[in-house]
Amino acid sequence: MPATRITLEESELPRQWYNILPDLPKPLAPVLHPATRQPITPDDLAPLFPMGLIMQEVSTDRWIDIPDEVRDAYRLWRPTPLHRALRLEKYLQTPARIYYKYEGVSPVGSHKPNTAVAQAYYNKQAGIRRLATETGAGQWGSALAMACRLFGLECTVYMVKVSYHQKPYRRLLMEAYGAAVYASPSEHTRAGRQVLAEHPDSPGSLGIAISEAVEDAATHADTNYSLGSVLNHVLLHQTVIGLEAKLQMEKAGDYPDVIIGSCGGGSNLAGLSYPFLQDKLAGRRPDLRVVAVEPEACPTLTRGQYRYDFGDTVGLTPLVKMYTLGHTFVPAGIHAGGLRYHGDAPSLCLLYDEKIIEAVAYHQNPVFEAAVTFARTEGIVAAPESAHAIKAAIDEALRAREEGRSRVILFNLSGHGNFDLQAYDDYLHGRLVDTEYSQAEVDRALAALPPLA
Ligand SMILES: *Cc1c(COP(=O)(O)O)cnc(C)c1O
């Protein structure tokens, strides 16, 4: 019998993060200042981020040391296990070998603390007193709330309003860690008041919540801003997932043919796949496939355009070249709140544009059907975001069966769904709506983009 769980010793916890920037097929397009439209400098970012993170954001060093204090925090839950999904394979009667890296064993139940603890550490080092951030479903907010507590910082979280009401338990978790949580759009910022004046019933979006958190940080000297995905340094920190998984796959005597991750801003997919993509980019594994999975209700890669856009709704952040649905896009209130972002990480977008990675989009109902199959075979109730990766992995396994060919599938089970049981209730009782974003809406939001190449 092959092993069901492939684990690592604490001593095997990676000592460095992997930076993909020097290995990309071409350099990233420069990030532009929102007002001048000129390339931003590290000093432009200094009101929001500590220099340690800014230098990581622009670094072209392939390997970056993980500070001892951060490795100490990682040890609370890392290394995380790699599972072989033997029961799922048997149920699907597939010749494919399915592996998943399980990030749900972290204290808050997702991969997000991998960067939260690193960001809290560098901010503490820089003498910052408080961090402000946004959160969708509450996964990122709870990760940062915990990390702030571990490093002695205060934490303010702007939580997308629809999730604030749909997911009270994650708000309570943040409050248990001592964070202040506001439903966004809120009355606490000019950005929030501006949105409320136009749309009093706005369900909120990550883009709006980012505007609020950025404004909070920019207007308080002792406060910095913290982002849970998209930025280069966030993806960098998340590579601890893939570096562990590479060791674990080696122990299992296998190497993936296809790597799958759900894609909100791209950090869990990049975190798992980039250390393997290094092999592909170097020509050692030319056939390796990497698949981003997104919701049909927020199809950034599959239906967006590759061009400059703001990271937030109001237009306070720098302009970034990425696949985008337009910064004014407000997605339907699907349960996978962590996947409701209009853009994606620049490096991931470049890899997609160069056709080095692929993307697929699914509706909620088939995603939850896959999640229920997974719970009934592997025992873990997945986060709605992670369930997108399960759906794609099952489809790959079924294709392998049809083709009568074996295939090694590795996916990121980025979090558990123990706080998302309402979503399962809605699915099991036929209350989930599959919303499609119409082409007219896509065109309207994209027409509002700044006229840059
Ligand atoms: C936030 C979140 C995601 C999506 O964000 P990425 O940056 O794309 O990883 C996926 N899964 C879970 C469990 C999350 O909390």
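The structure contained in this document is the topic of the report that follows. Every chain begins its residue count from 1, and numbering advances along the sequence as written. Local features in a predicted model are, by the rule used here, given only for residues with pLDDT of at least 70; side-chain atom pairs are given and counted only at 80 or more, and totals for whole chains, interfaces and linings are based on all residues. Processing note: side-chain calculations cover all non-hydrogen atoms of the structure and skip hydrogens and water entirely.

This part is about the overall build of the protein. When helices and strands are counted, the protein shows 18 helices and 15 strands. Within these notes, the globule rule equals 2.2 Å times the number of residues to the 0.38 power, and the radius of gyration is based on C-alpha atoms. Relative to its length of 453 residues, the protein is compact, with a C-alpha radius of gyration of 20 Å against a globular reference of 22 Å. Dimensions of the protein, computed from the C-alpha atoms along their principal axes, are close to 60 × 50 × 45 Å. Looking at the protein residue by residue over its 453 residues, the buried ones come to 63%. Sequence-distant contacts in the protein: of pairs separated by 6 or more residues, those separated by 24 or more amount to 77%. For the protein, the separation between the mean place of its 43 positive charges and that of its 52 negative charges on side chains is 3 Å. For helices the rule is a DSSP run of H or I covering at least 4 residues; for strands it is a run of E covering at least 2, with both sets numbered from the N terminus onward. Buried, partly exposed and exposed residues are distinguished by accessible area as a fraction of the type maximum, computed with a 1.4 Å probe on protein chains only: under 20%, between the cut-offs, and over 50%, respectively. Residue contacts follow a heavy-atom distance rule, with two residues in contact if any of their heavy atoms lie within 4.5 Å. Asp and Glu are treated as the negative residues and Lys and Arg as the positive ones, with His and the ends of the chain left uncounted. Charge placement uses NZ in Lys and CZ in Arg. For Asp and Glu, CG and CD serve respectively.

Any residue with at least one heavy atom within 4 Å of a molecule or strand is counted as near it. Around the ligand, the surrounding shell holds 19 residues, and the nearest of these are Lys 112, Ser 229, Gly 264, Asn 268 and Ser 414. Contacts to the ligand include Gly 264, whose backbone N or O atom sits 2.7 Å from an oxygen atom. By the criterion applied in these results, polar contacts are pairs of N or O atoms within 3.5 Å in which, for protein atoms, one can donate a hydrogen and the other can accept it, and in which residues neighboring in sequence qualify only through two side-chain atoms. Side-chain polar atom of Ser 267 to an oxygen atom of the ligand: 2.8 Å apart, as the coordinates give it. Within the complex, the protein chains bury 98% of what would otherwise be the 390 Å² of accessible surface of the ligand. Spatially, the ligand is embedded in the largest cavity. Among the elements of the structure, α12 (267-281) and α16 (384-403) are those that each provide at least two residues to the shell around the ligand. Residues are sorted three ways: Asp, Glu, Lys and Arg are charged, Ala, Val, Leu, Ile, Met, Phe, Trp, Tyr, Cys and Pro are nonpolar, and all the rest, Gly among them, are polar. Looking at the shell around the ligand, its residues break down into 3 nonpolar, 14 polar and 2 charged. Surface accessibility follows the Shrake-Rupley procedure with a 1.4 Å probe radius. Residue values consider only the protein chains on display as shielding. Each cavity reported here is a set of points on a 1 Å grid over the protein atoms alone in which a 1.4 Å probe fits but cannot get out, each pocket an open set with protein on both sides within 12 Å along at least five of seven lines, and each lining residue one with an atom within 4 Å of a point. Assignment of a molecule to a cavity or pocket requires that more than half of its atoms lie within 2 Å of the corresponding grid points.

The next point concerns the packing of aromatic side chains. Only rings of Phe, Tyr and Trp enter the pairing, Trp through its six-membered ring, and a pair is recorded when the two centres are within 6.5 Å. The plane angle decides the type: under 30 degrees is stacked, over 60 is edge-to-face, the rest tilted. Applying the stated rule across the entire model yields 14 aromatic pairs. Ring centres 5.5 Å apart and planes at 25° place the aromatic pair Tyr 100 and Phe 411 in the stacked group. Taken as a pair, Tyr 100 in strand β5 (residues 97-102) and Phe 411 in strand β15 (residues 408-413) lie far apart in primary sequence, 311 residues in all. Tyr 100 gets classed as buried once you look at its relative accessible area, which sits at 0%. Plain terms: the ring middles of Phe 368 and Tyr 427 are 6.0 Å apart, the flat faces sit at 25° to each other, and that makes the pair stacked. Here Phe 368 is found in helix α15 (residues 364-378), whereas its partner Tyr 427 is found in helix α17 (residues 421-428), with 59 residues between them in sequence. When its relative accessible area of 2% is taken as the criterion, Phe 368 is described as buried. According to the relative accessible area criterion, Tyr 427 is buried, its value standing at 19%. Ring pairing ties together the aromatic residues Tyr 100, Phe 374 and Phe 411, which thus form one cluster.

Grid points are joined across faces, edges and corners, and a volume is the space filled by probe spheres set on the points. For the largest pocket, the calculated volume is near 1000 Å³. Contributions of two or more residues to the lining of the largest pocket are made by α1 (42-45), α2 (51-58), α9 (190-198), α10 (206-218), α11 (232-252) and β13 (319-324). Volume-wise, the second largest pocket comes out at about 320 Å³. Looking at the second largest pocket, the residues that line it are Gln 194, Val 195, Glu 198, His 199, Ser 202, Pro 203, Ile 208, Thr 313, Val 314, Thr 328 and Val 330. Top contributing element to the lining of the second largest pocket by residue count: α9, with 3 residues. Residue classes in the lining of the second largest pocket are distributed as 5 nonpolar, 5 polar and 1 charged.

What follows is about the side chain of Lys 101. With respect to the element layout, Lys 101 can be found in strand β5. Polar contacts involving the side chain of Lys 101 include one to the main-chain carbonyl oxygen of Thr 80, which spans 2.7 Å. A polar atom in the side chain of Lys 101 sits 2.8 Å from the side chain of Gln 248.

Side-chain atoms within 4.5 Å link the members of a nonpolar core, which is a set of buried Ala, Val, Leu, Ile, Met, Phe, Trp, Tyr and Cys residues. In terms of nonpolar packing, the biggest core is built from 96 residues, with Trp 17, Tyr 74, Val 117, Tyr 225 and Tyr 274 touching the most fellow members. The dominant element in this core, judged by the number of residues it contributes, is α11, at 8 residues. In terms of nonpolar packing, the next biggest core, distinct from the first, is built from 35 residues, Ala 96, Tyr 100, Phe 374 and Ala 392 among them.

Attention now goes to a nonpolar patch on the surface. Nonpolar side chains (Val, Leu, Ile, Met, Phe, Trp, Tyr) within 5 Å and like charges within 9 Å form the patches, drawn only from residues with over 30% relative accessible area and no salt bridge. Throughout this description, the term salt bridge denotes a Lys or Arg side-chain nitrogen within 4 Å of a carboxyl oxygen of Asp or Glu. On the surface, Met 51, Met 55 and Val 58 cluster together into a nonpolar patch covering about 260 Å² of accessible area. By secondary structure assignment, the location of Met 51 is in helix α2. Owing to a relative accessible area of 37%, Met 51 belongs among the partly exposed residues under this scheme.

Right, let's get into the packing of helix α5 (residues 113-125) against helix α6 (residues 139-150). Axes, fitted as lines to C-alpha atoms, cover a helix only where it is in contact. Angles between the N-to-C directions of the axes lie from 0 to 180 degrees. The N-to-C vectors of α5 and α6 enclose an angle of 40°; their axes lie 8 Å apart at closest approach. Here α5 lies oblique to α6, going by the angle between them. For α5 against α6, the interelement crossing comes out right-handed. Taking contact as the criterion, the partners of Pro 113, Thr 115, Ala 116, Val 117, Gln 119 and Ala 120 in α5 are, on α6, Trp 140, Ala 143, Leu 144, Met 146, Ala 147, Cys 148 and Leu 150. Residue composition of the contact of α5 with α6, by class: 11 nonpolar, 2 polar and no charged. Oblique is the label for any angle not covered by the other classes, which are roughly parallel (under 35 degrees), roughly antiparallel (over 145) and roughly perpendicular (65 to 115). With the far helix as reference, a near helix turned anticlockwise by less than a right angle produces a left-handed crossing, and one turned clockwise produces a right-handed crossing.

Buried within α2 we find Leu 53, Ile 54, Gln 56 and Glu 57. On an axial view of α2, the arc spanned by its buried residues comes to 160°, and they lie on one face. Structurally, α2 contributes buried residues whose contacts are with β2 (16-18), α1, β3 (63-65), α5 and α11. The directions from the helix axis to the C-beta atoms form the arc being described.

Here a strand pair is declared whenever DSSP counts at least two bridges between the two strands. Pairing in this open sheet of 7 strands is mixed, and the strands run β1-β4-β5-β15-β10-β11-β14 from one edge to the other. Looking at the sheet topology across the chains shown, the edges are occupied by β1 (5-6) and β14 (358-362). Note that strand β4 (residues 82-84) and β5 share 3 bridges and pair antiparallel. By the bridge assignment, Leu 82 is partnered in β5 with Lys 101. Helix-sheet contacts for α12 involve β5, β10 (258-262), β11 (289-295) and β15, and the interaxial angle to β10 is about 160°.

None of this, on its own, says anything about what the molecule does.
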